[in-house]
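Chain by chain, the residues:
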Amino acid sequence: MIRAKLWFRCAGAFNPVTPVVWRPAVIGWKAREKQIDFAIERAFNGEELISRMKGWVTADVKMVIKIVKRHGYLKMLDEQDLVVETETEEDFENLKNDLTDSLQDHVDLERV
């Protein structure tokens, strides 16, 4: 298995950036008739995190997800760091080539 960090081009600063989860999402409820103090704390999965990058990065995030799914998996390490996993070296090279062909320098992979 090969793991790589996924780097995007920041839409504002044009620097390479990768999303990091600082805190899990906290989801709660508002009730109409009484106060409910339930809350769920849940981390994003890789696809959810990339989807939330729309507008903040120069790449088409839906296209990134589609390309990665053809060759590997989006994973969160320790519920914080986004990585791409591929089964083989060939899958990794094909993913890298597809990202470059489709998105030029808007997305890059760095082995970890």
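The residue count restarts for each chain, going from 1 along the sequence in the order it is written. Given that this is a predicted model, residues contribute local features only at a pLDDT of at least 70 and side-chain atom pairs are listed and counted only at 80 or more, while totals for whole chains, interfaces and linings are drawn from all residues. Water and hydrogen atoms play no part in the side-chain values, which are based on all heavy atoms of the structure.

J.: Give me the overall build of the chain: which residues, what numbers.
T.: From N to C terminus, the chain includes three helices and seven strands. Counted from the first residue to the last, the chain has its helices and strands arranged as β-β-β-β-α-α-β-β-α-β. The rule is simple: take the accessible area with a 1.4 Å probe, protein chains only, and divide by the maximum for that residue type; under 20% is buried, over 50% is exposed, in between is partly exposed. The 112 residues of the chain split such that 33% are buried. For accessible areas, the Shrake-Rupley method is used with a probe of radius 1.4 Å. Any residue's cover is judged against the shown protein chains and nothing else. Counting only carbon and sulfur atoms, one obtains 49% of the accessible surface of the chain, whose full area is about 7700 Å². A distance of 8 Å separates the average location of the 17 positive side-chain charges in the chain from that of its 20 negative side-chain charges. Under the scheme used here, helices are H or I runs from DSSP no shorter than 4 residues and strands are E runs no shorter than 2 residues, and both carry numbers assigned from the N terminus. Asp and Glu are treated as the negative residues and Lys and Arg as the positive ones, with His and the ends of the chain left uncounted. Here the site of a charge means NZ on Lys, CZ on Arg, CG on Asp, or CD on Glu.

J.: Help me get a handle on the layout of surface pockets, residues and values and all.
T.: Rolled over the atoms, a probe as big as a water molecule pinpoints where empty space is left. Volume-wise, the largest pocket comes out at about 180 Å³. For each structure, a 1 Å grid was placed over the protein atoms alone; sets of points admitting a 1.4 Å probe that cannot get out are labelled cavities, open sets with protein on both sides within 12 Å along at least five of seven lines are labelled pockets, and lining residues have an atom within 4 Å of a point. Taken together, Cys10, Val17, Pro19, Val20, Val21, Phe44, Leu49, Arg52, Met53, Trp56 and Val57 make up the full set of residues lining the largest pocket. In the scheme used here, Gly and all other residues not listed as nonpolar or charged are polar, with Ala, Val, Leu, Ile, Met, Phe, Trp, Tyr, Cys and Pro taken as nonpolar and Asp, Glu, Lys and Arg as charged. Grouping the constituent residues of the lining of the largest pocket by class yields ten nonpolar, no polar and one charged. Grid points are joined across faces, edges and corners, and a volume is the space filled by probe spheres set on the points.

J.: How would you summarise unusual backbone geometry if you had to cite specific residues and measurements?
T.: Even without being a glycine, Asp78 presents a positive backbone phi close to 55 degrees. Here Asp78 shows up in the loop between β5 (73-77) and β6 (81-86). Residue classification places Asp78 among the exposed positions, given a relative accessible area of 74%. Residues other than glycine seldom take positive phi values, yet Gln104 does so here, at roughly 50 degrees. Assessed through its relative accessible area of 48%, Gln104 is described here as partly exposed.

J.: Let's hear about the nonpolar core: which residues, and what values?
T.: Among buried residues, the Ala, Val, Leu, Ile, Met, Phe, Trp, Tyr and Cys ones that are joined through side-chain atoms within 4.5 Å form a nonpolar core. In terms of nonpolar packing, the biggest core is built from 26 residues, with Leu6, Ile50 and Val64 touching the most fellow members. At five residues, the largest contribution of residues to this core is made by helix α2 (residues 61-71). Between two residues, a contact is recorded if the distance between any of their heavy atoms is within 4.5 Å. Beyond its immediate sequence surroundings of up to four residues, Ile50 is in contact with Leu6, Phe8, Val61, Val64, Ile65, Leu74 and Leu82.

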